[in-house]
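Remarks on the overall topology
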Amino acid sequence: MPKFLRRLSALFHSSRMQRKLGEEMAAHRDMMPADRRPYFGSTLRFQEEAGDQWGWTWLDHFRQDLLYGARSLRRSPGFALAAIAVLSLGIGANLAEFDLFNAFLHRLNVPDPDSLCQFFRISRQNPATGSFAIPETESYRRENTVLSAVISETDLRDACPAEDSVELRCVLVSGNFFGALRVPLWFGLVAPLMAQSIPQPAFDVASVKPSPASGPSNSNFPLGPGNAYTPNGGYFSATGFPLITYIAFAYKVMGEQSLEQLPGWARTDRFDIQARVQGNPTKDQMRLMMRSLLAERFKLAIHDDTRQVSVAALVLVKASKLGSQLRAHPADSPCPTDAPPAAVSSDPRYPLLCGGLLPMQPSAPGRIRLAGRNVTIDFIAKSLTPGVGQGRPLVDRTTLTGTFDFNIEWAPEIPGPVKPGAEEQPDRGPTFEEALREQLGFKLESQKGPIPVFVVDHLEHPSEN
Amino acid sequence: MPPGTLAMLVLRVLRSGPLHGYAIAQRIRALSDSVLEAEEGSLYPTLQRMLLEGWVTAEAGVSETGRRVRFYTLTREGAKQLNREIADYEQATAAIQTILRTA
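These figures come from a predicted structure and were not determined experimentally.

Conventions adopted
- Residues numbered from 1 in each chain as written.
- Chains lettered and ligands numbered in written order.
- Predicted model: local features only at pLDDT ≥ 70, side-chain atom pairs only at ≥ 80, totals over all residues.
- Helix = DSSP H or I, 4+ residues; strand = E, 2+ residues; numbered from the N terminus.
- Buried ≥ 20, exposed ≤ 12 C-beta atoms within 10 Å, placed from the backbone.
- Contact = placed C-beta atoms within 7 Å.
- Nonpolar A, V, L, I, M, F, W, Y, C, P; charged D, E, K, R; others polar.
- Pairing = 2+ DSSP bridges.
- Axes fitted to C-alpha atoms, helices over the stretch in contact; angles between N-to-C directions.
- Parallel < 35°, antiparallel > 145°, perpendicular 65-115°, else oblique.
- Left-handed = near helix turned anticlockwise from the far one by under 90°.
- Core = buried A, V, L, I, M, F, W, Y, C linked by C-beta atoms within 7 Å.
- Domains from an automatic or database assignment.

1. Focus: the overall build of chain B
- If you tally the helices and strands in chain B, you get 4 helices and 3 strands.
- When its helices and strands are written in sequence order, chain B yields α-β-α-α-β-β-α.
- Residues classed as buried in chain B amount to 28% of the 103 residues present.
- Contacts in chain B between residues at least 24 apart in sequence constitute 50% of all its contacts with a sequence separation of at least 6.

Here you go:
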């Protein structure tokens, strides 16, 4: 019999058990030699201790308290009723006060205020609440995949001096503040991305020219969202890319659906950009300089926001089992971020280049094969978003952490380029979902979720150099 | 008697067969040459806990002197618990002895 049932049984048979225990102890005492009986101890105390073992003492005490209360009520009903009335009034008044305070004084004038939560920093050294720096909040806003939106605000003391008796409270808020809270802006305009008001790094010299109508697209390092990068001594050179590619590079935009209100010409008009800066900037510094260039020459104004959309969630088919073409990135393998794209690592399934997405030679014509090394699942999901189709973003819901090496090949519904002379295979190959399942060990689930988006507020054709 | 050891001793004594409360107390006293003595009544709260945990079962019977008593029998779970308690006790004793010898 399980322990709980034995305990429950003791509750219903407590008086019988107490009686049996009393008889047992009495028998024990009788069997002891007369001179040793004082060494038995207090029968009453042992009976209480034995009862405690069964865990119902509190119930017995509660019953006794109730009986005591009932007896008191019967003995002096006037006093008892007065005490009950005072207690009831006190509790009721407190509840009413709390409700009134909550309803009128403490209510936030936004839809669904219960879904709001506030974050603040507490450290052992400084137990007082602390705030976050602007770049930190920007980073949290961009990386957030859990909350529907992350907004930030900061008090600007003495920023709005009042000459007369009216005191103004000035608060600096993030660009998505009004949109995320779903409250209208009463007056004024939302400024473009706040970071732009802070001096941004910029190229020393830059030239922007429309590309010839036809011609290859080339750049001196990968313009994708990954870390793959060949330092070029501060030289940026790209030819034949549409403007959207440069915007996506500057803001690490993953997929076209994450860029809203982009004029059609920005997808079709192609540009050559050559720029130079002193020193040896990192890829992310290059991105910031590209932002300055786009703001200056194309008058690009952009802000980020969050949208609740239906997403394709990437989850593991079997918990903690990876597919045959996906492995945790070995920490001890060499990991260059500037290797030639064609070079392969010691395992030929994966490229030598780390931190980026690379198209590889597929095993059959018409298929797409992509691979990457030392990348997060989040990166893989974002990179493979175009494979899902229907404009649905692919988001990481695997809970896998760390970095991975992967290699996936599938046959797109619209076949990829086939070399002249090569015949398309009768067996077209796995679909995207089949490839995900068989090669990476992932499956897709339809879910709703927040995705970060960039909204283009303004864009013009480029000014003269 | 060292605190916390009564349950282990009762389990050990019951390993040789079913016994009633008085017999358990006598067996512990006799086997320890009267070194281990406690208030004999304290055996009963301990036996109640063992019944609750399922380490022993109790069955009504009559003692050698004709008194109505309950005979306690070690269960399989009780035997496992005894092994665990002996292992813990030996580990603690060895550690204490090491300190006494070397410190």
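2. A short note on the interface of chain B and chain A
- Across the boundary between the two partners, chain B contributes 19 residues, which contact 20 residues of chain A.
- At the level of secondary structure, the elements contributing two or more residues to the side of chain B that touches chain A comprise α2 (21–31), α3 (43–53) and β3 (68–74) of chain B.
- Tallying contributions element by element places α3(B) first for the side of chain B that touches chain A, with 6 residues.
- Of the residues in the side of chain B that touches chain A, the class split is 5 nonpolar, 7 polar and 7 charged.

3. A look at the sheet that holds strand β3 (residues 205–210) of chain A
All names here are of chain A.
- Read from one edge to the other, the open sheet built from 4 strands follows the order β3-β7-β5-β4, with strand pairing classed as antiparallel. If you trace the sheet from one side to the other, it starts and ends with β3 and β4 (218–219), each paired once.
- Sitting on the sheet, helix α8 (residues 243–251) touches β5 (235–242) and β7 (270–276), and the angle it makes with β5 is about 135 degrees.

4. A word on the sheet that holds strand β2 (residues 56–62) of chain B
Residue and element names in this part refer to chain B.
- Taken in spatial order, the 3 strands make up an open sheet running β1-β3-β2, and their pairing is antiparallel. Two strands in the sheet have a free side with no partner beyond their single neighbour: β1 (19–20) and β2.
- Where β2 and β3 come together, 7 bridges link them in antiparallel fashion. Paired with Ala-58 across the two strands is Tyr-72, which belongs to β3.

5. With respect to the packing of helix α1 (residues 6–14) of chain B against helix α4 (residues 76–102) of chain B
Residues and elements named next belong to chain B.
- In contact at an axis separation of 9 Å, α1 and α4 are set at 130 degrees when each is read in the N-to-C sense. Relative to α4, α1 is oriented oblique. Considering only the axes of α1 and α4, their crossing is left-handed. Of the residues in α4, those touching α1 at Met-8, Leu-11 and Arg-12 are Gly-78, Gln-81, Leu-82, Glu-85, Ile-86 and Tyr-89.

6. Description of the nonpolar core
- Of all hydrophobic cores here, the largest spans 63 residues; its most connected members are Tyr246(A), Ile247(A), Met290(A) and Leu294(A).
- The dominant element in this core, judged by the number of residues it contributes, is α8(A), at 7 residues.
- Counting contributing residues, this core receives three or more from each of domain 4 (201–301 + 454–458) and domain 5 (309–417 + 427–452) of chain A.
- Not counting chain neighbours up to four residues away, the residues in contact with Ile247(A) comprise Val253(A), Leu259(A), Leu294(A) and Leu300(A).
- Of all hydrophobic cores here, the second largest spans 22 residues; its members include Leu21(A), Ala50(A), Leu14(B) and Leu47(B).

7. Let's talk about the packing of α1(B) against α2(B)
Residues and elements named next belong to chain B.
- Close contact between α1 and α2 brings their axes to 10 Å; oriented N to C, the two are set at 100 degrees. When the interaxial angle is binned, α1 and α2 end up roughly perpendicular. Between α1 and α2, the residues in contact are Leu-9, Val-10 and Val-13 and Ile-24, Arg-27 and Ile-28, respectively.
- For the contact of α1 with α2, a count of residues per class yields 5 nonpolar, no polar and 1 charged.

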